[in-house]
Amino acid sequence: MKRIFLILLILALLPGALLARRKKATTLETPVSQLALPALSLSEQRMFDSLYFDALKLELMGKPEEALVQMNKALEVNPNSAPALYFRSRQKAEHRQMEEALSDALLAAQIDTSNVWYGTAAAQLMAQRGEWKRAIDIYESLRRQHPDDTDPLYHLIELYYRVDSLPKVIEVLDKIEQTDGINPALMMQKFYMLQDMGRVDEGFEELTKVVNRYPFDIQYRIQLGDLQMQNGRLQEAKKTYDEAAKIDPDNAYVWVAQSNYYSVMGDQQAADTLVSAALVHPTLDVETKKEILTEYLKSTLRKVAKEKRQAKDTTAIIALPGADELFTKVVTMHPTAPEFYDLHAEYLAVVGQDSLAMVQEKFAVDLRPKEEKYWSRLLAHAAIAKKYKELIAYGKEAVKMHPQVVDIYTTVGYAYHQLGQKERVVEWYQKGIDNIAPTEVNMISQLYGLLGDTYHELGNQAKCYENYEQALKYNERNYVVLNNYAYFLTMEENGDLLKAERMAAQVVQQYPDNATYLDTYAWIFYLQGNYMLAKFYQQKALENAGETPDETLVDHMNKIKEKLEEQ
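Predicted model only: the values in this text are computed from it and were never measured.

*Asks:* Which residues make up the overall build of the protein chain, and what are the values?
*Replies:* The helix and strand inventory of the protein chain stands at 31 helices and 0 strands. Its C-alpha radius of gyration of 36 Å places the protein chain more than 25% over the 24 Å reference for a compact globule of 567 residues. Oriented by its inertia axes, the alpha-carbon framework of the protein chain measures out at about 100 × 70 × 50 Å. Pairs at least 24 residues apart make up 50% of the contacts formed inside the protein chain by residues separated by at least 6 positions. Roughly 29,600 Å² of accessible area belongs to the protein chain as shown, and the carbon and sulfur atoms make up 51% of that amount. Computing the positive centroid from 64 side-chain charges and the negative centroid from 81, the protein chain places the two 4 Å apart.

*Asks:* Kindly report on the nonpolar core, identifying the contributing residues and their values.
*Replies:* Counting 94 residues, the largest nonpolar core has Leu 293, Leu 297 and Tyr 347 as the members making the most contacts within it. Looking at this core, the element that brings in the most residues is helix α29 (residues 515-527), giving 9 residues. Non-local contacts of Leu 293, meaning those with residues more than four positions away in its chain, are made with Leu 279, Leu 326, Phe 327, Val 330 and Leu 343. Counting 32 residues, the second-largest nonpolar core is a separate cluster that includes Ala 123, Ala 135, Ile 157 and Leu 159.

*Asks:* Before we move on, could you go through the environment of Val 256 and cite the residues and values that matter?
*Replies:* With respect to the helices and strands, the residue Val 256 is situated in helix α15 (residues 252-264). Val 256 sits 15 residues away from Tyr 241 along the chain, and the two C-alpha atoms are 10.0 Å apart.

*Asks:* So what's going on with the environment of Tyr 262? Which residues, and what values?
*Replies:* Structurally, Tyr 262 can be placed in helix α15. Residue classification places Tyr 262 among the partly exposed residues on the basis of a relative accessible area of 24%. Separated by 88 residues in the primary sequence, Tyr 262 and Asp 174 place their C-alpha atoms 36 Å from one another. Setting aside anything within four residues of it in sequence, one finds Tyr 262 in contact with Lys 238, Asp 267, Gln 268, Ala 270, Ala 271 and Leu 274.

*Asks:* How would you explain unusual backbone geometry if you had to name every residue and give the values?
*Replies:* For Arg 96, which is not glycine, the phi torsion reads 60° and is therefore positive. Within the fold, Arg 96 resides in the loop between α5 (82-94) and α6 (98-111). Non-glycine residue Lys 386 carries a positive phi angle of around 60°. Relative to the helices and strands, Lys 386 resides in the loop between α21 (372-384) and α22 (388-401). When its relative accessible area of 60% is taken as the criterion, Lys 386 is described as exposed.

*Asks:* Got a sec to walk through the confidence of the model for the protein chain? Specific residues and values, please.
*Replies:* Averaged over every residue, the pLDDT of the protein chain is 85; residues scoring 70 or more account for 93%. The secondary structure element of the protein chain with the lowest average pLDDT is helix α2 (residues 16-19), at 30, and the one with the highest is helix α26 (residues 461-474), at 96. Predicted confidence for residues 1-27 stays below pLDDT 50, and this span has 42 contacts to residues more than four positions away or in other chains.

*Asks:* Quick one: what's the story with a negative patch on the surface, residue by residue and with numbers?
*Replies:* The grouping of Asp 285, Glu 287, Glu 291 and Glu 295 at the surface amounts to a negative patch. Checked against the element boundaries, Asp 285 lands in the loop between α16 (268-279) and α17 (286-310).

*Asks:* So what's going on with the pattern of salt bridges? Residues and values would help.
*Replies:* Opposite charge on two side chains permits them to pair, given that their charged atoms come into close proximity. Evaluation of the coordinates by the stated rule reveals 25 salt bridges. A salt bridge links Glu 427 to Lys 431, with the nearest nitrogen and oxygen atoms 3.5 Å apart. One end of the pair, Glu 427, and the other, Lys 431, are both in helix α24 (residues 422-435), 4 residues apart, so they sit about a helical turn from each other. Overall, the relative accessible area of 31% leaves Lys 431 in the partly exposed class. Residue Lys 463 pairs with Glu 466 through a salt bridge whose shortest N-O separation is 3.6 Å. Residue Lys 463 and its partner Glu 466 are both found in helix α26; the two are separated by 3 residues, about one turn of the helix. A residue is classified by how much of its surface remains accessible, and Glu 466, at 44% relative accessible area, is partly exposed. Several salt bridges share partner residues, and in doing so they unite Glu 99, Arg 129, Glu 131 and Arg 134 into one network.

The rules behind each value
Residues numbered from 1 in each chain as written. Predicted model: local features only at pLDDT ≥ 70, side-chain atom pairs only at ≥ 80, totals over all residues. Heavy atoms only, no water. Helix = DSSP H or I, 4+ residues; strand = E, 2+ residues; numbered from the N terminus. Rg over C-alpha atoms; globule rule 2.2 N^0.38 Å. Contact = heavy atoms within 4.5 Å. Areas by Shrake-Rupley, 256 points an atom, 1.4 Å probe, with all protein chains shown as cover. Lys, Arg positive; Asp, Glu negative; His and termini not counted. Charge placed at Lys NZ, Arg CZ, Asp CG, Glu CD. Core = buried A, V, L, I, M, F, W, Y, C linked by side-chain atoms within 4.5 Å. Buried < 20%, exposed > 50% of the residue type's maximum accessible area, 1.4 Å probe, protein only. pLDDT = per-residue confidence, 0-100. Patch = residues over 30% accessible without salt bridge, like charges linked within 9 Å, V, L, I, M, F, W, Y side chains within 5 Å. Salt bridge = Lys/Arg side-chain N within 4 Å of Asp/Glu carboxyl O.

Shown next as C-alpha cells:
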C-alpha cells in the first residue's frame, strides 16, 4: 500500500540525524518507537508536560479551539508525542479536516504500537473516507500486533463485508471463535453467509455448535428448527422442536414453533391447538402474544390464499375457522389490552368484514383514546364499510383529542360529501385549515384544493378559483389543483385559455402518462383551435387510459376528429 503522504510527514518531523538512517517507509509493524527517537531535555519535557496538560484542561472546560492551540505548541516541543498527536487527530476530525486527522492518527499509531486505540482511530478515519482496503490493512496489522485483542477482528467483519469478501469474513469469525469462544449472534451471522455461499450444511453445523454449547437454552433450538423449516428440512425441524419440548414441555415459544410445522404439514387442528395454548399462557406478556397471534394469522392467511390461487378460486377469503375463538380467548385473559382489539379489527378487514372491524377498533379507541393510530383506523374502517353517519360521529370525537391531525378533517369531509351535505364539507375542510400546524404547507394546500373542488360542485366558481389560488400559494406544484383549475377554465365562456395551458403543461410535464391530465391538455388545444396538437395529446390519453377509457376521453377525441375533417 502506498503511504507517500505519511512518509513525507515523518520525514518532516524527524531530525536530520535520524533521516540518514531511514531507507524505507514506516508501517505499523515497523514502529517509529523502535528507531531511537531523540529524547527531550529536562526543560523541554517540563515545557511539553505543561502545555499538554493545559490543553487537556481547556478541553474539559469546553474550550476546544484554545485546547488545540496549546496542543500545537506542545507538539512543537515534542512532535513525536503519540498522545498529543492522537488528541490533535480527534480535534481535526471534529472540524472535518480529515486528511490532517488521518496523518496524526497514523503517526501516533506508529510511534506507540502498544496502544490499539491509535491504530483504530486511523482505520476508522480511513473507513469514513471509503478507503476500505486501507482500513483493512491497518486492522490486520493491529490484529498481528495484539493477537489477544478481538476488537480489530470485529471491525474487520464489517470491512470485509464492505469489499464483498465473504470468505474473509468467515475467516475472521473463526478467529473470534478461537479467541472468545462460541458467540451465538456471530454463529448466526456465519450461518447466513455460508447459506449465501451455497454451503448450507456447514451453516447448520455452526448452529449445531451453539445448541450443543447451550443445551438447555430453548431459543437456540427454536432458531435452528425455524431455519430448518425455511430450508425445507421439515423432518429435521420436527426433531429439533420435539427435543426442545422434551427439555421444556411448558414453553409457549416451543408450542408456536411446533404449530408452524403442523400448519405447513396440513394439520391445522394441531396448529390451532398449540397457538391457543400459547395465547392463554400466564407467563407471556401482551406484546409477545400479539406477535404470536399476528404471525399465526399471517401464515394461515398466506396458506389459504395460496390454496385458492392453485385452485383458481377468485372468491374472497372468508373468516378463518377458529380465528374468532383465538381472539375470544386472548381478550378474555387481557380485556384491557387495545392491541388485541386492534389486531382483531385488522384481521376482520382483511377478510372483508369491515363493519365488524369498526366495532373491534372502537373497543381499542375506548381503551386508549389518546392513541391517534386507533382513531385513524376506526375512521378508515367506517369509510370502507360506508357507515358515514358513524364516521362523522367518531370524527367529531377524534378531533377533540387530536385537533391537528388533518386526516380527521378530510375523512369527515368525505363522509359529508357522500351524504350530499356539501356545506358541511366546506365547514370541515375549513376547520382543518384553521387547526393544523401552519408549517404543514402541503396539507394546507391539499385542503384548499378540496375546498375549491367542493365550491365547484356547489356552483360557486369564484370561490372555487379563490381557493385554488390559495392552494397554489402554499404549494405551487399541487398538480391536482393545477389540472382541475385548468380544466374548469376551459368550461368558462371567456376562460383564460393561456393560463389554463400554462398550468396543464406543468402537470403533463410531471405526469406524461396520466390519461386525465393529457385529456385536459388536449382539450385546451381543441378550444384554441389547434386540432392537430389536440389529437396528438388526446391519442396519448386514450393509449394510457386502459382497455375501457372514460366516456369523456372518447367524446373529446370524436369532437377533435370532426374538426379535423371539416378543415
